[in-house]
Amino acid sequence: MNKLYIFDKDFCKKHEGIKYLLSIFVNVFLFIQLFDISRQSLKIPSIVNGLLSLLRDISIYAVAIFLLVKKKSKCPSLLYIFILLSIFIPGIIYIGNVINKDTLVPFGAVIQSELLMLRPFLFLYVLYNLGCFYIFEKKGIIKTFIVSLVLIFILSAIISVFFPGLRYKYDIENRIGLGNMSVQSGMYLCGFILCFYYFPFKENCINWFCSITLLIGILLSVCSTGILCAVCVLVLFLFDKKTRKKSFSLLLLLTIGIYFFILKYYSLFETFIDYFSSKLEDLIDLLLNSFTGESNKPVKSDSFSARDKQIEYMLLYNNKPIDYIFGHGYFSVLIPEEMIENGYYDLYFSCGIYGIIVLIFIYLKYGIKSIKFFFINHNILGLCSLLSLVLFMVTLVVHMLCPLLLSFIILFYFVFCDKDLI
């Protein structure tokens, strides 16, 4: 389509004009939703934040309504079930808790949680129906996703280093970026996997720049889970013919670069080295405790001990049979007044055994697909994606963090569902 077409006086009246606007809406929603984690840490006027949030919501709901009106739109049965569950299950559980008089969660928080959970699944619905309206190249979604993450990292790094006065105080030291860097490391990881495997840009230099930039973003996030996943992904990529040479080159470059910087600028990296050394000791302690049967033996890590206390405190609220089966509802994790930094326990507390069964079903479904990809096509991408989600669920509540959930939805769609790229 001619780019000057947008200046046509009859642009909005034509069907192509509507499709053009909806295509722009998709890209706008994607960028704003991914930027939300960083945006929360910037000193932006409330009216600007409100307008950005409004534009984000209008974009996704406008596209979804357009698709619902069209008769040609499709919705896979599993996604249809997820959308219905996201809307109705929290409300039903909330009503049950009101009857039992054991809830401290305001009804407004329940509505907010439903809208919060709905957006990423609506975007997945949009991905399945891009052919109905998206006038750009379908691979453009991957490019928009990757470029958005690269821009977010560069902007976060510039503000964090050169303009710290533009951000609110962030208590975690040795992390370069804005907002929750653990969440951003997962977002960068999803973008890195797609970029490094598919090399979607025509110029290889852009592919390499984006891949290396996102990898640096993961390292500077100083998130143990993100770094562990990135290393595992690069190692797994060595077993795929498509990425073997690239992965070996990047691992070699990464090793030499880290070794050089540590030798030359040891004083600057001393805090990072101490941090990762302590994390390595924690990992060894956990493994030894598991093999010796001393699973309750405490480890040195403040992070692990804090999670243990959160989980122990949370389990005190599961004192009825219905709690074990259906949980307390979304956002009910706020009842103990302390977030549980573990996706599996949070899902159990929110949705009970029912939620865990749904998650196991998802793992089995995509686990079987990943194994098939590996043995039939020697494609390691599915295993990398599934492993990343499994590990991030240990340290983050992925299903309640929209930017991170959206990133994994995009990753899984283009790995398992898009037949043009598989």
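The numbering scheme is per chain: residues are counted from 1 as the chain's sequence reads. At least 70 in pLDDT is required for a residue's local features to be given in this predicted model, at least 80 for side-chain atom pairs to be given and counted, and no such filter applies to totals for whole chains, interfaces and linings, which use all residues. Calculation of side-chain values draws on the structure's entire complement of heavy atoms; hydrogens and water are dropped beforehand.

### Observations concerning the overall build of the chain
The criterion, for reference: In this description a helix means any DSSP run of H or I spanning at least four residues, a strand means any run of E spanning at least two, and both kinds are numbered starting from the N terminus. Exposure categories follow from relative accessible area, calculated using a 1.4 Å probe and restricted to protein chains: below 20% of the type maximum is buried, above 50% is exposed, and the middle band is partly exposed. By the convention used here, residues are in contact when the closest approach between their heavy atoms is within 4.5 Å.
When helices and strands are counted, the chain shows 15 helices and zero strands. Sorting the 422 residues of the chain into buried and exposed places 47% on the buried side. Sequence separation of 24 or more characterises 70% of the internal contacts of the chain that already satisfy a separation of 6 or more.

### What to know about the nonpolar core
Buried together is how nonpolar side chains tend to be arranged in soluble globular proteins. Using the following cut-off: Definition used in this section: a nonpolar core is a set of buried Ala, Val, Leu, Ile, Met, Phe, Trp, Tyr and Cys residues joined via side-chain atoms within 4.5 Å.
Counting 95 residues, the largest nonpolar core has Phe123, Phe133, Leu194, Phe237 and Phe408 as the members making the most contacts within it. Of the residues forming this core, the biggest block, 13 residues, is contributed by helix H15 (residues 402–417). Look past the residues within four positions of Phe133 in its chain and what remains in contact with it is Lys19, Leu22, Ser23, Val26, Val63, Phe66, Leu67 and Val126.

### Brief notes about the packing of aromatic side chains
Selection rule: Between 30 and 60 degrees the pair is tilted, below 30 it is stacked and above 60 it is edge-to-face, where a pair is any two Phe, Tyr or Trp rings, Trp via its six-membered ring, whose centres lie within 6.5 Å. By definition here, charges over rings are those cases where NZ of Lys or CZ of Arg is within 6 Å of the ring centre and within 35 degrees of the ring normal.
Scanning the entire structure with this criterion turns up 23 aromatic pairs. Taken together, a centroid distance of 6.0 Å and an interplanar angle of 65° make the contact between Tyr20 and Phe136 edge-to-face. On the criterion of sequence distance, the pair formed by Tyr20 in helix H1 (residues 15–39) and Phe136 in the loop between helix H4 (107–128) and helix H5 (140–162) is long-range, its members being 116 residues apart. Assessed through its relative accessible area of 15%, Tyr20 is described here as buried. The exposure class of Phe136 is partly exposed, given its relative accessible area of 30%. By way of ring pairs, the aromatic residues Phe192, Phe196, Tyr197, Tyr198, Phe199, Trp208 and Phe237 are connected into one cluster. Its end group placed over the ring of Phe196, Lys246 keeps NZ or CZ at 5.2 Å from the ring centre. A cation over an aromatic ring shows up here: Lys246 above the ring of Phe199, its NZ or CZ 3.8 Å from the ring centre.

### Describing the packing of H5 against helix H7 (residues 204–220)
In a pair of packed helices, the angle between the axes and the distance between the axes together describe the arrangement. Using the following cut-off: Between N-to-C directions, angles span 0 to 180 degrees; the directions come from axes that are lines fitted to C-alpha atoms, helices contributing only their stretch in contact. We call two directions roughly parallel when the angle between them is under 35 degrees, roughly antiparallel when it is over 145, roughly perpendicular when it lies between 65 and 115, and oblique otherwise. For any helix crossing, the convention is left-handed if the near helix is rotated counterclockwise from the far helix by under a right angle, and right-handed if that rotation is clockwise. Three classes are used: nonpolar for Ala, Val, Leu, Ile, Met, Phe, Trp, Tyr, Cys and Pro, charged for Asp, Glu, Lys and Arg, and polar for all others, with Gly counted as polar.
The contact between H5 and H7 brings their axes to 10 Å, and the two run at 50°. By the angle between their directions, the pair H5 and H7 is classed as oblique. Crossing angle aside, the handedness with which H5 passes H7 is left-handed. Along the contact surface, H5 presents Ile146, Leu149, Val150, Phe153 and Ile154, while H7 presents Phe209, Cys210, Thr213, Leu214, Ile216, Gly217 and Leu220. Partitioning the contact of H5 with H7 into residue classes produces 10 nonpolar, two polar and no charged.

### Digging into the environment of Leu189
As for its position among the elements, Leu189 is in helix H6 (residues 181–198). Among all residues touching Leu189, those that are not within four sequence positions of it are Ile218, Cys229, Ala230, Val233, Ser388 and Phe392.

### Topic: the packing of helix H13 (residues 343–377) against helix H14 (residues 381–395)
Packing of H13 against H14 brings their axes to within 9 Å, and their N-to-C directions diverge by 165°. Accordingly, the angle class assigned to the pair H13 and H14 is roughly antiparallel. Crossing handedness for the pair H13 and H14: left-handed. For the pair H13 and H14, contact is made by Gly343, Tyr344, Leu359, Tyr363, Tyr366, Gly367, Ser370 and Phe374 and by Gly382, Leu383, Leu386, Leu389, Val390, Met393 and Val394, respectively.

### Digging into a nonpolar patch on the surface
Test applied: A patch consists of residues whose relative accessible area exceeds 30% and which take part in no salt bridge; residues with like charges are grouped when within 9 Å of each other, and nonpolar side chains (Val, Leu, Ile, Met, Phe, Trp, Tyr) when within 5 Å. The accessible surface values rely on the Shrake-Rupley method and a 1.4 Å probe; as for residues, cover is taken only from the protein chains in view. What counts as a salt bridge is simple: a side-chain nitrogen of Lys or Arg found within 4 Å of a carboxyl oxygen of Asp or Glu.
Together, Ile154, Ile158, Val161, Phe162, Phe163, Leu166 and Phe209 make up an exposed nonpolar region whose accessible area comes to about 680 Å². Per element, the largest residue contribution to the nonpolar patch is four residues, and it comes from H5. Of note, Phe209 is situated in helix H7.

### Regarding the side chain of Ser385
Mapped onto the elements of the fold, Ser385 is located in helix H14. Discounting chain neighbours no more than four positions away, the residues touching Ser385 are Ile193, Phe408, Leu411, Phe412, Val415 and Phe416.

So far we have only geometry, and geometry alone does not tell us how the molecule works.
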